[in-house]
Amino acid sequence: QAAEPLQSLVPVPVSVQARSGVTHTLTAATKIYTAPAARDVGTFLAGVLRPSTGYALPVSDATGTPADGISLLLSGAPGTVGDQGYQLDVAANSIVLRANTSEGLFTGVQTLRQLLPAKVESTTAQTGPWTVPGTVIVDYPRFSYRGAMLDVARHFHPVSTVKRYIDQLALYKINYFHLHLSDDQGWRIVVDSWPRLATYGGSTQVGGGPGGYYTKAQYSEIVQYAASRKITVIPEIDMPGHTNAAQASYAELNCNGQAPPLRTDIEVGYSSLCVNKEITYQFVEDVVREIAALTPGPYFHIGGDEAHATSDADYQTFMNRALPIVKKYGKTVLGWHEFVKTTTDTTAIPQYWGTSTSNATVQAAVARGNKVIMSPANKAYLDMKYNSSTPLGLSWAGLIEVQTAYEWNPGTHLSGVPESAVRGVEAPLWTETLVTGRDIEFMAFPRLGAIAELAWSPWSTHNWDQFKVRLGNQGPRWTTMGINFYRSTQVPWD
Ligand SMILES: CC1=[NH+][C@H]2[C@@H](O1)O[C@H](CO)[C@@H](O)[C@@H]2O
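None of these values were measured; they are calculated from a predicted model.

Cut-offs and rules
- Residues numbered from 1 in each chain as written.
- Predicted model: local features only at pLDDT ≥ 70, side-chain atom pairs only at ≥ 80, totals over all residues.
- Heavy atoms only, no water.
- Helix = DSSP H or I, 4+ residues; strand = E, 2+ residues; numbered from the N terminus.
- Rg over C-alpha atoms; globule rule 2.2 N^0.38 Å.
- Buried < 20%, exposed > 50% of the residue type's maximum accessible area, 1.4 Å probe, protein only.
- Contact = heavy atoms within 4.5 Å.
- Areas by Shrake-Rupley, 256 points an atom, 1.4 Å probe, with all protein chains shown as cover.
- Phe/Tyr/Trp six-rings, centres within 6.5 Å; stacked < 30°, edge-to-face > 60°.
- Near = heavy atom within 4 Å.
- Polar contact = N/O pair within 3.5 Å; in protein donor to acceptor, adjacent residues only side chain to side chain.
- Pairing = 2+ DSSP bridges.
- Axes fitted to C-alpha atoms, helices over the stretch in contact; angles between N-to-C directions.
- Core = buried A, V, L, I, M, F, W, Y, C linked by side-chain atoms within 4.5 Å.
- Disulfide = S-S within 2.5 Å.

### Observations regarding the overall build of the protein chain
1) Next: In terms of regular secondary structure, the protein chain is built from 15 helices and 17 strands.
2) Next: Rg of the C-alpha trace for the protein chain: 23 Å, near the compact-globule value of 23 Å for 494 residues, within the 12% margin.
3) Next: Projected onto its principal axes, the C-alpha positions of the protein chain cover 75 × 45 × 45 Å.
4) Next: Across the 494 residues in the protein chain, those meeting the buried criterion constitute 62%.
5) Next: In the protein chain, once contacts between residues fewer than 6 apart in sequence are set aside, the share between residues at least 24 apart is 74%.
6) Next: Carbon together with sulfur atoms contributes 53% to the accessible area of the protein chain, which is approximately 16900 Å² in total.

Shown next, in the form of structure tokens:
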């Protein structure tokens, strides 16, 4: 007996009222109507429903308030839903989604997907009935930034794998995708003015495999695909540390004028751009300019972590030069939190990755007015092992079973960082040990559901015993989608 859909939603909505005795059933006659500006959302929904139901599900402009079919409207939403929320109204003969933006309709569509039987996610025709329980849901996010990061530098992952991960993120209302494009072991994107970065710097990876890189067309393909899922891509070029691949590619980027060998191990903290060479800043400018030009989103991540081979004075000097370059090309700076000690620019956003519940650098920045993205490594790092027998992943920040990933509050986690200073939450996935898409899925699921709920749902709904049931009810959906998830013993799978 499939679980009650209204008890299966992840992230849990702000308010869910059941319409007892009311069921909406999709049929071959069902039509999808959309506000003209939301036609893409209607087409996305049809793309999910058509293969599994076998129904035509034509998409056309909504005229007035349709009394039948599925309507995605940009009018009449309650003010409380803001620009990312929605109201979903399921009656016997109509389903009406209302939002103020197409992003809001898109998040509502993810909830509607989860109210349908799990087999709706199948790519081949399944038998019905395609029922949706009668309900009125009013929903909107606690945090406006709900992110996931994928490290494609330690192990390169092709566009197809990245697109599949983006699809999975969309189902859980994630709206930012942070791509870690460069590190010691690999440079993963073409920069025309520095061609060896990709061709040589991208020629290997952890373990010595063939590596790889995205052409500009492929990076743009990822950006556009994410945008079609209402997800904004944030590129990261990690500087001044984590730069061995770049420095192996160009001897002139090294203080001693010698290119180090490419690295295929997983050490950190040994590389640093040469802070007192002018060519370093030409490199930074060229790289930021070319990647920013391919990135419609407002953010550029400059990394800044673990610059142990850069003196504090040099780190300050570097950031004094690099941060203005990012702004020059129209982007707001994100960085791993240590960078924020170098700037008084309160628009710069530190991404907290520490394991402590207090951090003076972040606290001081918040006191100046900066906002923070929360990614505590002992809670949100999806590359941490679940337990000591997990075959993949690392454990330096601790073991993270599903309950650990869930049992923290981004709004109070860091002392001196109140909820009002939290821009949002992000789940990083580093790939030192992750070679395939199935490896990515094993570490991301089920914990991504926990982070997605922390980022979206009201703290008042936070309850592990209830969450774990809803999370378990996502299992059949993941099985249908072929997601290689870890069957945590903490979760009651169907
Ligand atoms: C911000 C940050 N810097 C380090 C740290 O996180 O741990 C990751 C592995 O968990 C590692 O890949 C990364 O280079």
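### A few points about the packing of aromatic side chains
1) Next: Following the criterion strictly, the structure yields 25 aromatic pairs and no others.
2) Next: Taking 4.9 Å as the distance between ring centres and 80° as the angle between the ring planes, the aromatic pair formed by Trp-194 and Tyr-250 counts as edge-to-face. Placement of the pair is Trp-194 in the loop between β11 (186-187) and α4 (196-199) and Tyr-250 in the loop between α6 (244-249) and α7 (278-292), with a sequence separation of 56 residues.
3) Next: A ring pair is formed by Phe-442 and Tyr-486, whose centres lie 5.6 Å apart and whose planes are at 70°; its orientation type is edge-to-face. Here the residue Phe-442 occupies a position in helix α12 (residues 437-444), and Tyr-486 occupies one in the segment after α15 (475-481), the gap between them amounting to 44 residues. Of the two residues, Phe-442 and Tyr-486, both sit in the buried class.
4) Next: Grouping aromatic residues by their ring pairs yields a cluster made of Tyr-172, Phe-445, Trp-478, Phe-485 and Trp-493.

### Here we look at the site of the ligand
1) Next: Taken together, 13 residues lie near the ligand, and Arg-154, Asp-305, Asp-383, Trp-396 and Glu-432 sit nearest.
2) Next: At 3.2 Å from a nitrogen atom of the ligand is found a side-chain nitrogen or oxygen belonging to Glu-306.
3) Next: One nitrogen or oxygen atom from the side chain of Asp-383 is found 2.7 Å from an oxygen atom belonging to the ligand.
4) Next: When the ligand sits alone it has 350 Å² of accessible area, and the protein chains cover 98% of it.

### Thoughts on the side chain of Glu-121
1) Next: Looking at the element boundaries, Glu-121 is found in the loop between α2 (102-115) and β7 (130-139).
2) Next: Among the polar contacts made by the side chain of Glu-121, one reaches the side chain of Arg-477 at a distance of 3.2 Å.
3) Next: Setting aside its immediate chain neighbours within four residues, Glu-121 contacts Val-48, Arg-113, Leu-171, Arg-477, Thr-480 and Met-481.

### Details of the sheet that holds strand β8 (residues 145-151)
1) Next: One closed barrel accounts for eight strands, arranged β8-β9-β12-β13-β14-β15-β16-β17; its pairing is parallel. Across the sheet, the mean angle from the axis of one strand to that of its neighbour is 30°, orientation sign disregarded.
2) Next: Each of β8 and β17 (422-429) touches helix α13 (residues 447-456); the most contacted strand, β17, lies at about 175° to it.

### Brief notes about the side chain of Glu-441
1) Next: Within the element layout of this structure, Glu-441 appears in helix α12.
2) Next: Separated by 2.9 Å, the side chains of Glu-441 and Gln-168 make a polar contact.
3) Next: Apart from the residues lying within four places of it in its own chain, the contact partners of Glu-441 are Arg-164, Gln-168, Gly-482, Ile-483, Asn-484 and Phe-485.

### Concerning the environment of Leu-112
1) Next: Relative to the assigned elements, Leu-112 resides in helix α2.
2) Next: Along the backbone, Leu-112 and Arg-164 are 52 residues apart, and their C-alpha atoms lie at a distance of 20 Å.
3) Next: With residues near it in sequence (within four places) discarded, Leu-112 still touches Leu-45, Ile-70, Leu-88, Ile-95 and Val-132.

### Here's the deal with the pairing of strand β6 (residues 94-98)
Remember that side chains alternate between the two faces of the sheet whenever the strand is regular.
1) Next: Most of β6 is tucked away, with five of its five residues classed as buried.
2) Next: Neither face of β6 is open: one carries Ser-94, Val-96 and Arg-98, the other Ile-95 and Leu-97, and all of them are buried.
3) Next: Across five bridges, the pairing between strand β4 (residues 69-73) and β6 is parallel. Of the residues in β6, the one forming a bridge with Leu-73 is Arg-98.
4) Next: Sheet topology places strand β5 (residues 86-90) next to β6; four bridges connect them, and they run antiparallel. The partner of Asp-89 across the bridge, within β6, is Val-96.
5) Next: The turn linking β5 back onto β6 is made up of three residues.

### Things to note about the nonpolar core
1) Next: Tyr-165, Phe-177, Trp-187, Tyr-219 and Phe-283 are the most contacted members of the largest nonpolar core, which has 146 residues in total.
2) Next: Formed by seven residues, the second largest nonpolar core is a distinct cluster that contains Tyr-145, Tyr-176, Ile-234 and Ile-349.

### Some points on the pairing of β17
1) Next: Buried residues dominate β17, accounting for eight of its eight residues.
2) Next: Sheet topology places β8 next to β17; six bridges connect them, and they run parallel. Across the sheet, residue Leu-150 finds its bridge partner in β17, namely Leu-429.
3) Next: Sheet analysis places strand β16 (residues 372-374) next to β17, joined by three bridges and oriented parallel. Within the sheet, the bridge partner assigned to Val-372 lies in β17 and is Val-422.

### With respect to the sheet that holds β5
In a beta sheet, neighbouring strands are held together by backbone hydrogen bonds and run either parallel or antiparallel to one another.
1) Next: The seven strands lie next to each other as β1-β7-β5-β6-β4-β2-β3, forming an open sheet whose pairing is mixed. Both edges of this open sheet fall to β1 (15-26) and β3 (59-61), since each of them pairs with a single strand only. Between one strand axis and the next, the sheet turns by 20° as a mean value, whatever way the strands run.
2) Next: Where helix α1 (residues 39-53) meets the sheet, its contacts fall on β1, β2 (32-34), β3, β4 and β7, and the angle it forms with β3 comes to roughly 155°.

### Some thoughts on the state of the cysteines
Among covalent bonds in proteins, the disulfide is the one between the sulfur atoms of two cysteines.
1) Next: For the structure shown, the criterion picks out one disulfide.
2) Next: The disulfide that involves Cys-255 links it to Cys-274, with 2.0 Å between the sulfurs. Residues Cys-255 and Cys-274 are joined through a disulfide that is right-handed, its torsion about the S-S bond being 100°. Taken as a pair, Cys-255 in the loop between α6 and α7 and Cys-274 in the loop between α6 and α7 lie far apart in primary sequence, 19 residues in all.
3) Next: Taking relative accessible area as the criterion, Cys-255 reaches 55% and is therefore assigned exposed.
4) Next: Under the relative-accessibility criterion, Cys-274 is labelled buried at 1%.

### Some remarks on the environment of Val-136
1) Next: When you line up the elements, Val-136 lands in strand β7.
2) Next: Classification of Val-136 as buried rests on a relative accessible area of 17%.
3) Next: Note: C-alpha distance between Val-136 and Gly-411 (275 residues apart in sequence) is 28 Å.
4) Next: Leave out the neighbours within four places in its chain, and Val-136 touches Ser-15, Val-16, Gln-17, Arg-19, Leu-88 and Asp-89.

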